[in-house]
Amino acid sequence: MRRPPERRVVLADVARLAGTSEATASRALKHDPRIGEATRAAVHAAAAKLGYVPNAAARSLRARRTHILGLLLDDLADPVHGKVAAGFEEAAAGQGYAVFMMTGLHDPEREQRALTAFVEHRADGIVVASCVIDPAEVHARVPADRVVFVQPDYPGLANGADPPARGVLRTDDRAGVAATVQHLVERGYRRLAYVGPGSGASDTLRRSAATTALKRVSRGPMRFLDAGVDGWRDASPVARMLAADPPDAVLCYDDKLALALLDALRSTSLEVPGDMALAGFDGIPAAHQSWPRLTTVDVPSVEVGRRAVEMLMAAVRDGRMPVSEVLPVRLVIGDSTPPRAARINSHGTPEAVAARRVIKP
């Protein structure tokens, strides 16, 4: 014989057990200061005994808010995006919001489906992080005062378009790349190469920044190599190209690619930093744990997540998205870019290891 479904405990049950009205019980559960301590304690004890859980859907209908924020990330497996998600969830929880998270994987159709899901679940605000969908397309689905773009990577930016003046949160990648180039030149490196995926607005920006910075501090040209979007999974082809014509130093699009290249170079005749210097970008934890420790641009990814929530909350409060922001980054110098004269000898023992330090671009 099937058991009948258990009846949901409602506010009236809590009020009855506590000996109060429903209105009083509701205020007590919300810690309303108008309710005395004894009554508040009785109501909370009754709620705990009955296992009462507030009806979020009904509360949302009354308040016209769901207290849900949508977070669309490119790839949650990426360490940078994971840190953004951590900061976002922490800040959202602090504001009493739950987070509905989805990934786009650089697939426009997948990103569109995620946006549709956010709208169907009536998210109060949405953050679109490192995605390729155009803001105009997003705004056709979501009001402009309810969506923040974090590190946008849509094709229009690669073609020279400017990001929206409101609702965009970026890090100063251009300054970070420029600081890296200057650091390498100051340490005696002249023949520089840049390795990136070869596509995407963020890659285009970093390539442009590297070219501009090198022209400013040196007369030598920047050499470019494409690793492909998934080049960080297997950097062997790029490692072989570098071994055939070694530059003095290599800047990589991000730390994932730099660490993959560091590993792949071990199967060639090149050693880092003995034969070639290597720098990354993003400041992921593995960059500070590798050997040699990687010179990288530290990006405040957790703070990016927190700040995105603050921008959404301001938009919900004011009815208008705040102006776009660019957060500063910093160059963290590791062991992979020593002064050119202080090379590693053939036994792998450092002849001179410069102290690690932090430089703000």
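Residues numbered from 1 in each chain as written. Predicted model: local features only at pLDDT ≥ 70, side-chain atom pairs only at ≥ 80, totals over all residues. Heavy atoms only, no water.

Outline the overall build of the chain, listing residues and values.
The helix and strand tally for the chain stands at 13 helices and 13 strands. Burial statistics for the chain: of 361 residues in total, 46% are counted as buried. In the chain, the proportion of contacts linking residues at least 24 apart, taken out of those at least 6 apart, comes to 68%. Carbon together with sulfur atoms contributes 52% to the accessible area of the chain, which is approximately 18000 Å² in total. (Helix = DSSP H or I, 4+ residues; strand = E, 2+ residues; numbered from the N terminus. Buried < 20%, exposed > 50% of the residue type's maximum accessible area, 1.4 Å probe, protein only. Contact = heavy atoms within 4.5 Å. Areas by Shrake-Rupley, 256 points an atom, 1.4 Å probe, with all protein chains shown as cover.)

Break down the nonpolar core for me, citing the residues and quoting the values.
If you look at the biggest cluster of nonpolar residues, it comprises 49 residues, and the most contacted ones within it are Val181, Leu192, Leu242, Val250, Cys252, Leu261 and Leu278. Among the elements that make up this core, the one with the highest residue count is helix H12 (residues 255-264) (seven residues). (Core = buried A, V, L, I, M, F, W, Y, C linked by side-chain atoms within 4.5 Å.)

Any details on the sheet that holds strand S9 (residues 277-279)? Residues and values, ideally.
Strands sit in the order S7-S6-S8-S9 across an open sheet of four strands; the sheet is parallel. The open sheet has two free edges, formed respectively by strand S7 (222-226) and S9, since each of these has just one partner strand. Mean inter-strand twist for the sheet, computed between neighbouring axes without regard to direction, equals 20 degrees. Looking at chain direction, strand S6 (residues 192-196) and S7 are connected through five bridges and run parallel. (Pairing = 2+ DSSP bridges. Axes fitted to C-alpha atoms, helices over the stretch in contact; angles between N-to-C directions.)

A description of the packing of helix H1 (residues 11-18) against helix H3 (residues 37-50) should follow, citing residues and the corresponding values.
Relative to each other, H1 and H3 sit at 125 degrees, their axes nearing to 8 Å. Classified by the interaxial angle, the pair formed by H1 and H3 is oblique. Where H1 crosses over H3, the two elements pack in a sense that is right-handed. Seen from H1, the contacting residues are Asp13, Val14, Leu17 and Ala18; seen from H3, they are Ala42, Val43, Ala46, Ala47, Lys49 and Leu50. Split by residue class, the contact of H1 with H3 holds eight nonpolar, no polar and two charged. (Parallel < 35°, antiparallel > 145°, perpendicular 65-115°, else oblique. Left-handed = near helix turned anticlockwise from the far one by under 90°. Nonpolar A, V, L, I, M, F, W, Y, C, P; charged D, E, K, R; others polar.)

Describe the environment of Leu327, and please don't skip the residues or the numbers.
With respect to the helices, strands and loops of the structure, Leu327 is situated in strand S11 (residues 325-327). Residue class for Leu327 comes out buried when judged on its relative accessible area of 12%. Each C-alpha atom, one on Leu327 and one on Asp173, is 9.2 Å from the other, the two residues being 154 residues apart in sequence. In this structure, Leu327 is in contact with Leu169, Arg170, Thr171, Asp172, Pro300, Glu303 and Val304, ignoring residues within four places of it in sequence.

Go over the packing of aromatic side chains, please, and point to the residues and values.
Applying the stated criterion across every chain yields a total of two aromatic pairs. Between Phe100 and Phe118 the ring centres are 5.2 Å apart and the planes differ by 85 degrees, which places this aromatic pair in the edge-to-face class. One end of the pair, Phe100, is in strand S2 (residues 98-103); the other, Phe118, is in helix H6 (residues 108-120), with 18 residues separating them in the sequence. The class for Phe100 is partly exposed, based on a relative accessible area of 25%. Under the relative-accessibility criterion, Phe118 is labelled buried at 0%. Against the face of Tyr253 rests Arg206, its NZ or CZ located 4.5 Å from the ring centre. (Phe/Tyr/Trp six-rings, centres within 6.5 Å; stacked < 30°, edge-to-face > 60°. Lys NZ or Arg CZ within 6 Å of the ring centre and 35° of its normal.)

Which residues make up helix H11 (residues 236-244), and what values go with them?
Within H11, burial applies to Val238, Ala239 and Leu242. Mapping the buried residues of H11 onto a view down its axis gives an arc of 100 degrees, with all of them on the same face. Facing away from the buried side of H11 by more than 90 degrees, the exposed set consists of Arg240 and Ala244. In this fold, the buried residues of H11 make contact with S6, S7, strand S8 (249-252) and H12. (Arc of directions from axis to C-beta.)

I'd like to hear about the environment of Asp13, residue by residue, with values.
Locating Asp13 in the fold gives a position in helix H1. Its relative accessible area of 11% is what places Asp13 among the buried residues. Between the alpha carbons of Asp13 and Ala47 there is a distance of 8.6 Å; along the sequence they are 34 residues apart. For Asp13, the side chain forms a polar contact with the side chain of Arg16, separated by 3.1 Å. (Polar contact = N/O pair within 3.5 Å; in protein donor to acceptor, adjacent residues only side chain to side chain.)

Break down H12 for me, with residues and values.
The buried count for H12 comes to nine of ten residues, which makes it a mostly enclosed element. Check the buried side of H12 and you find it contacts helix H5 (79-94), S6, H11, S8, S9 and strand S10 (296-298). Between a side-chain oxygen at the N-terminus of H12 and the backbone nitrogen of Lys256 the separation is 3.4 Å; the capping residue is Asp254.

Nothing here speaks to function; it is geometry throughout.
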